[in-house]
Structures are given as structure tokens and as C-alpha cells.
Amino acid sequence: MTDDTTGLVLFTVKVAVVATLIILPPGVAAAYALARWRGPGRGFVDTVLALPLVLPPTAVGLVLLELLGRNGPLGRILDAVGVEVVFTPGAVVLASAVMAFPLLVRSARSGFEEVDPRLVAVARTLGDTPARAFFRVTLPLAWRGVAVGALLAFSRALGEFGATVLVAGNIPGRTQTLSLAIFQHTQLGQDARALQLAGIAALLAFVAVYATEGLTRWRGRRVRA
Amino acid sequence: MSLPLARFALEVDVRLEGASVAVMGRSGSGKTSLLEVLAGLRRGARGRVVVGGRVLLDSAARVDLAPEARRMGYVPQDALLFPHLTAEQNVRYGARAGRPSRVDEAVALLELGPMLHRYPATLSGGEKQRVALARALATDPALLLLDEPLAALDVTLKERVLPYLLRVRDEARVPMLYVTHQLGEARVLAKEALLLEDGRVRAAGPASEVLGASARGLLASEAEGEENILEGALERVPEGGTRLRVTEGLSLWVPDAPELPPGTRAAYAVPAEDILLSMGPLSGVSARNVLAGNVVGVERVGAGEAAATVDIAGTRWVVRLTEASVRELGVAPGVRVHLAVKTSACRRLR
């Protein structure tokens, strides 16, 4: 691989890793809340959280751009404290995180839903506070759902294009990821280069998906053993 | 205390002193809800709950301790072991630095040694119940709350858990509240009983009184396959044979068990339909146990079927017979009768 390619791959993986780590705490919290909350508003929150999955990614990117642009409501505040997001590597992370968030929440939520709440009740009678019971019983039992969700989110972030291109642009060496580079080289008629990058992207995706599958099987074996 | 439920409100106002209390009643009479209120797992309960002098709930004073502060040893019906932890990790779950732990004692008492490193998925129903009991016991609880610990098991498994419950009661010295709908179980385990019907206390007091004849009507068809459960110390008879000494005035011939040393505590079950009831003294019968007692109650339990409760030296026996026999023999409260029990009808619970 040329230095160019190495830099591109490293940047893409780094973005996906950081985006996944950033959404992990709020994603797990949201998943747990959705799994346990039985009151009103559940369906609404559920739907809003699912929107990035079904909206055109460019629409999500546009919303982010409007919010964070220099004249946007959030952008103005950030500008005042000297932080610029749009067309920076941070914007790539942000776009990937937003697009990956619903995948994490969905998988983690089904993990939490499989945990019998009565196990938590038993943990309480054995002296656990609600927080302790969460970390000793709920999370270990929902762990597979959370981990699979994180891997799905990571895979999604690896290939993010539509939202990223709007809010971060396609700046080689600054905001360009693998999927953005494939697009650029195709546009320029450099099909061989584009295909080479596509091959690398496929390899990365393969590893991530294979890890997800392996995780599912391994975890299932241990609990039944 | 009181707790609004879907069909009725659970209203319990009772003071229990016994080391082991059976809570009985039909399905849906509020038994499990009562345990959950005591364990602090049901929000919305009003009133006052005091266990061993400690106030757990006092809605007037706005006291409502969290489950983790109550020190209740809760054993749910289906054991609910933590599936991601080994048996040993389950038992140790509630043990904390700086608090008295009874882990080793619980493991020994319930004989968990051989299964400590196994995961719950590989344990039988009876083994799971034993681990769940040990897990509760290991936290040194102020009170054990047992929710039908034998109900989910089939009869052979039940026989293997009951003796452990007796050991927990007698050796661990932790008071227990025991939900069941089996009269036989309640009679052998409990010193006191609480009978619930639609969330209200129908009767409470010494088990021998509460679990007499009148209890059966409230427990409905559960009387099917009813057993008399007797517990006592084994005695060797020099001429051969084994006897179970239940009380001062009551000993039974049981199937010979030379492998058990004299003095061993054991429990035996005698099915209510395997007992012969006679109005006069019996002689020349093959049954070696002939016991004299007084009828304390007779009632119908189904089409043409009746159950007589007989007091023998302070123990209650249930005998199944037909309604025709009840009429023809004149079986009625106060009448003196003799019961014949074949040695082979006494089955050891182990």
C-alpha cells in the first residue's frame, strides 16, 4: 500500500472507532431505557431514533449542516467559543456517529429485553443497589446485544458517505474516508484506483461482520454449555 | 399492610412468631405478592412491615427500605439463578466485605460441593433450588422468603429438596416464610401457618390448627395426591427393623434402612389413600402400624370422595375414603378410629 492508501485506511478506521466509542454510553443508556420504559412516548422516541436508518443519509447530513453551520443554532454557539465543526475531521466522526447510533440502540435494546427483570429483583434482595445490579447482572447478560450493536455501528461508520459528504465535505488528507475517496476517483475516471480502494473497504467490512458473527456464536455457546 | 392488586387488595394484618411459617392459599390468593412486599420488590404497598424488630415499611412514617437494605433471603419459585455465573459465583453473589458471610456454611448445608463450578444451565431443577437457597442463606438474611420452592419440580426431585429445606430450618436457624399450596409440605415444614383467600387472612396461628381439615376446602383440588409427611428420628430395633420416632407417643415402622445410623433425622411420606381406617381396634392385619386417634374433621373433596383428618398423639393425619364409607361407618368429628399403615406405604423423602 502507498502512504496515501495507508493514511486513508487509518483515518477511516479511526473515525469509525471514535464514532462508535462516542455513541456507546448514550446508546447503551437509550437502549436500556427503551427496553425497560413501559409508559407513554415509547413509540415516538423509538421512531425518532430509527429515522437515520430510513432517511436518505444526505437528508441527515443536510440537517446536521444546517444545525452546525456558522449560521445554524448550534454552530453559532460553537463559533462563539471558537469551535468549528463543519468540514473538519470532527464532522466526519459526527456524521458517522449519528448514522450508526440507531443500529447500536436497536441491537443493544433487544439484548436488554432478553434479560429477565426478576433477575435484577433477586440481585437487589442480595444487596445490590440498582446501579450495581445493572453492572453485575443486566449488562453482562445483555453484553452480546451491546457488542453486536457496537460492531454493527462500527461497520456502518466505516462506509458512511451521504451524511459525511454534506457536513464534512470530501477533502483529501483532511476529511476524506475510503468511501469518499472511491467516489472521487470514480468521478475522475480513475477506476483502477477506485476498485483497489473498494477491495480494501470490502476486506474491512468482511472482518467487522465476521467478528460480529463469531461473537454471536461464541457467546451463545458459553451460556448453554 | 395492604397492596392494591388487579383483582383485589392484599390486606394482611398478622403477627407471626414461629421459626417457620407456611403461607397457603389457592393460586392467585396473594401469596407471592405478600413475599414480594416483604422483599421490597412491590412498590405501592401501604402499612407497616416489621421483621425481627426492624421496620422495613411504615408508610405513615414514610419508611420504605430498598430491597438491598432489607436483608430478606428471597428464593423465587423458579430459582432464578444468574445464568452467566457458576453455582459458586451465584452463592457468593451477596457476600460483601465487612458483612458476615455464611457462604461456606450454606455450601456445606446444601451439599453443593460437587456442582460449584457448573453453570445453572447444566443443573437439574432440584440442584438449582439448592443453589438458590444457598445464595439467599449466604447473605445471612433476617428472614428467608421461599416461594413454592418445590412447586416447579416433579415428585422425585421434590423428595430430594425437601430434606434440605428441613436442614435449613433446623440447622441454619434462619426464620422462614414458606409459600406452598401443598398441605403435606406445609405440615412438615411449618410451625405456624397463614391461610390467604383473595388477599385476606382466613386463618393464622399454629400450623396444627390452621392446617387442619378446614384448610383443604380453601386449597381446592390441590388435595389430589395428598400425602402425610412425617419427620422424626430413626431407631434401630434389636430384633430387626427400623422405626421412625415422630413424637413421644408416636413411632412408626418404616422400611428397613440399616445403612442409616440410629438417630438420623428423616422424613417419610404416606399417601392419604394408602391408609386403612377402622372403627374398632385392629388385630390380625398385615399392616404393622396400627395407630389409634380421634377424628377432628371430615369433608368432601370430590365426587364421592372424602378426606378425614385424624389426630394421633398431636399429629394430624389425612385419610382418603369414599363418602359411602363415611356414611356407613359413621365417621364424624370426635369419633375414635384406628389407622392401619403398611410399612411399605412409608416412603422416605431424600
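Remember, it's a predicted structure, so these values are computed and weren't measured experimentally.

## Section: unusual backbone geometry
All names here are of chain B.
Consideration 1: Not every positive phi belongs to a glycine, and alanine 79 is a case in point at roughly 70 degrees.
Consideration 2: Its location among the elements puts alanine 79 in the loop between strand 7 (72–75) and helix 2 (87–92).
Consideration 3: Positive phi, normally seen in glycine, also occurs at glutamate 111, with a value near 50 degrees.
Consideration 4: Checked against the element boundaries, glutamate 111 lands in the loop between helix 3 (103–109) and helix 4 (125–137).

## As for the sheet that holds strand 5 (residues 54–58) of chain B
Residues and elements named next belong to chain B.
Consideration 1: Strand order in the open sheet formed by 3 strands is 4-5-6, with antiparallel pairing between adjacent strands. Both edges of this open sheet fall to strand 4 (48–51) and strand 6 (63–64), since each of them pairs with a single strand only.
Consideration 2: Two strands pair when backbone bridges link them, and strand 4 and strand 5 are joined in this way by 4 bridges, in the antiparallel orientation. By the bridge assignment for strand 5, arginine 48 is matched with aspartate 58.

## Things to note about the pattern of salt bridges
All names here are of chain B.
Consideration 1: Taken as a whole, this structure holds 31 salt bridges over all chains when the rule is applied.
Consideration 2: The partner of aspartate 64 in a salt bridge is arginine 70, and the shortest N-O contact between them spans 2.8 Å.
Consideration 3: Owing to a relative accessible area of 37%, aspartate 64 belongs among the partly exposed residues under this scheme.
Consideration 4: By relative accessible area, arginine 70 is classed as buried at 2%.
Consideration 5: Note that arginine 92 is salt-bridged to aspartate 104, the shortest N-O span being 4.0 Å. Of the two residues, arginine 92 sits in helix 2 while aspartate 104 sits in helix 3, which places them 12 residues apart along the sequence.
Consideration 6: Judged by relative accessible area, arginine 92 falls into the partly exposed class, the value being 39%.

## Some details on the pairing of strand 9 (residues 176–179) of chain B
Residue and element names in this part refer to chain B.
Consideration 1: Alternating residues of strand 9 divide into Met176 and Tyr178 and Leu177 and Val179, and every residue in both groups is buried.
Consideration 2: Direction of pairing for strand 3 (residues 20–24) relative to strand 9: parallel, over a ladder of 4 bridges. Note on strand 9: the bridge partner recorded for valine 23 is valine 179.
Consideration 3: Alignment of strand 8 (residues 143–147) against strand 9, held across 4 bridges, turns out to be parallel. By the bridge assignment, leucine 144 is partnered in strand 9 with methionine 176.

Calculation rules
- Residues numbered from 1 in each chain as written.
- Chains lettered and ligands numbered in written order.
- Predicted model: local features only at pLDDT ≥ 70, side-chain atom pairs only at ≥ 80, totals over all residues.
- Heavy atoms only, no water.
- Helix = DSSP H or I, 4+ residues; strand = E, 2+ residues; numbered from the N terminus.
- Pairing = 2+ DSSP bridges.
- Salt bridge = Lys/Arg side-chain N within 4 Å of Asp/Glu carboxyl O.
- Buried < 20%, exposed > 50% of the residue type's maximum accessible area, 1.4 Å probe, protein only.

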